[in-house]
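# Observations on the three-dimensional arrangement
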Amino acid sequence: MATAELAGKHLVLGMTGGIACYKIAELTRLLTKAGATVQVVMTEAATQFITPVTMQALSGRPVYTSQWDGRVPNNMAHIDLSREADAIVIAPASTDFLAKLAHGMADDLLSTLCVARDCPLLVVPAMNRQMWQNPATQRNVAQLRADGVTLLGPDSGPQACGEIGDGRMLEAKATYEAISSFFSPKILSGRRVLLTAGPTFEPLDPVRGITNRSSGKMGFALARAAQQAGAEVHLVAGPVSLETPWGVFRQDVQTAQQMHDAVMRSVADADIFIGVAAVADWRVAHASEHKIKKTAERALPSFTFVENPDILASVAKLPHPPFAVGFAAESGDLEVHGEEKRMRKNVPLLIGNLGPLTFGLDDNEVILFEAGSATKLTRADKQTLARALIAEIAKRLPDTSLIR
Ligand SMILES: Cc1cc2nc3c(=O)[nH]c(=O)nc-3n(C[C@H](O)[C@H](O)[C@H](O)COP(=O)(O)O)c2cc1C
């Protein structure tokens, strides 16, 4: 599905010689699906790892590998290929290619294109940890940053060579998100956003507990959209199985109390708080230390519940609260409950999920409740909706000079 950031963008995707070339097949698919046109250019070494045929089939365009290629009418592929480009993305970027870029070398088509470019250059390093840590590589990276080149990654973790450390390429999805982020308008630049997402889990005993059907998708989509809008994002997540959006700091918690404590520890630094998590209202007063056994007499267990802290209300009650946004998931009468909940929580903006509960779905439709008005946003997938909501929140922020 085309996205606002990438639809109509033209990218030159430069591939250099590394094992991570296999990730570029998926990256190309994600970029073209988002509406970008992708012109693949490969170094000779890159063609040893994946064939130009594969890349041509996935990008839908002929692949260039040589500056002596006669297919460009004036024989100037090294200039013409980048002229229409919104950016050149080098992925994977080898140690060798970083060195070439840092020194302005131009001894093959891709390096010549980079030197002759008049568009931004994004570089996605991929290499063994020793190659990454090598002082020469670090000098080259520092030089590239000083030259205004954008580095995406690298990641840390197990490497193709069997070693573990810094240098591996971001996964295709994260690279795609980082490229989208590069093109997003930075409407939250300089802002710090604290969010909660997902359900909480309230234990009954070591193996059982009470939770709810929140998938975390809306909160994660908002965290991604806020990051792409230029904010520094801290996401406090309940138990969900979702990937952390690229560039977002994630803290995992289980219970409502843990979520409350994590939020209260960080909220002083936040300009915006968005409480998307479906936080349990109650917990069992004394969870059993041992698994509760089914007794021979079949006596049913009984539990005493106590109230959990109200995270949104606690944030709104602070002497200098951030711009606080709540979410409401009601199974009926949202129009009445939404505004009532906004006033009770004392927040400037409350977002109500319209229609039946949307837990786990990819689409959502919401109403924005604020003093004196209720505005409906059109139904959309959660990521599109998240971008629209971030734009709505950005519009309502107090003047930068007044914000903490
Ligand atoms: C099996 C194999 C895997 C390699 N993987 C990487 C890698 O992940 N990162 C890297 O920087 N170089 C890697 N290299 C070395 C590069 O391919 C080599 O430095 C090459 O000259 C890079 O050329 P290029 O920058 O023109 O694409 C690998 C080499 C081999 C043989």
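Residues numbered from 1 in each chain as written. Predicted model: local features only at pLDDT ≥ 70, side-chain atom pairs only at ≥ 80, totals over all residues. Heavy atoms only, no water.

### As for the site of the ligand
In the region of the ligand, 14 residues are neighbours, and G17, T43, S94, T95 and D96 sit closest. Between an oxygen atom of the ligand and a main-chain N or O atom of G17, the distance comes to 2.7 Å. If the ligand stood free it would expose 640 Å²; the protein chains cover 61% of that surface. With three residues, the top contributor of residues to the shell around the ligand is helix 4 (residues 95-102). Residue composition of the shell around the ligand, grouped by class: seven nonpolar, six polar and one charged. (Near = heavy atom within 4 Å. Polar contact = N/O pair within 3.5 Å; in protein donor to acceptor, adjacent residues only side chain to side chain. Areas by Shrake-Rupley, 256 points an atom, 1.4 Å probe, with all protein chains shown as cover. Helix = DSSP H or I, 4+ residues; strand = E, 2+ residues; numbered from the N terminus. Nonpolar A, V, L, I, M, F, W, Y, C, P; charged D, E, K, R; others polar.)

### Topic: helix 13 (residues 382-396)
Across its 15 residues, helix 13 extends 21 Å between first and last C-alpha, which sits within 8% of the 21 Å expected from 1.5 Å per residue. Those residues of helix 13 that sit buried are K382, Q383, L385, A386, L389, I390, E392, I393 and A394. Elements that come into contact with the buried residues of helix 13 comprise helix 9 (217-228), strand 13 (272-275), strand 16 (323-329), strand 17 (349-353), strand 18 (363-370) and strand 19 (373-381). (Expected span 1.5 Å × (residues − 1). Buried < 20%, exposed > 50% of the residue type's maximum accessible area, 1.4 Å probe, protein only. Contact = heavy atoms within 4.5 Å.)

### What about the sheet that holds strand 2 (residues 37-42)?
The strand order across the open sheet built from five strands is 2-1-3-4-5, with neighbouring strands paired in parallel fashion. Because the sheet does not close on itself, it has two edges, and the strands there are strand 2 and strand 5 (150-151). In this sheet, strand 3 (residues 87-93) lies alongside strand 1 (residues 10-15) in parallel orientation, the contact comprising four bridges. Pairing of V12 across the sheet is with I88, part of strand 3. The strands touched by helix 1 (residues 21-33) are strand 1, strand 2 and strand 3; relative to strand 1, the strand with the most contacts, the crossing angle is about 175°. (Pairing = 2+ DSSP bridges. Axes fitted to C-alpha atoms, helices over the stretch in contact; angles between N-to-C directions.)

### Topic: the domain arrangement of the protein chain
We note that the domain assignment places domain 1 (10-183) and domain 2 (192-396) within the protein chain. Distance from the C-alpha centre of domain 1 to the C-alpha centre of domain 2: 39 Å. Opposite the eight residues of domain 1 that make contact, domain 2 presents six residues. Both sides together, the interface formed by domain 1 and domain 2 hides about 580 Å², and carbon and sulfur atoms give 50% of it. When residues of domain 1 are sorted by the area they lose upon contact with domain 2, K173, E177 and S181 head the list and together hold 67% of the total. Inspection of the region where domain 1 meets domain 2 yields one salt bridge. (Domains from an automatic or database assignment. Buried area = accessible area lost by both parts, 1.4 Å probe. Salt bridge = Lys/Arg side-chain N within 4 Å of Asp/Glu carboxyl O.)

### Section: helix 9
Helix length check: helix 9, at twelve residues, gives a terminal C-alpha distance of 16 Å against a target of 16 Å (1.5 Å per residue), a fit within 8%. Here helix 9 lies mainly inside the structure; eleven of its twelve residues are buried. Residue G230 follows helix 9 closely and has a positive phi angle near 100°.

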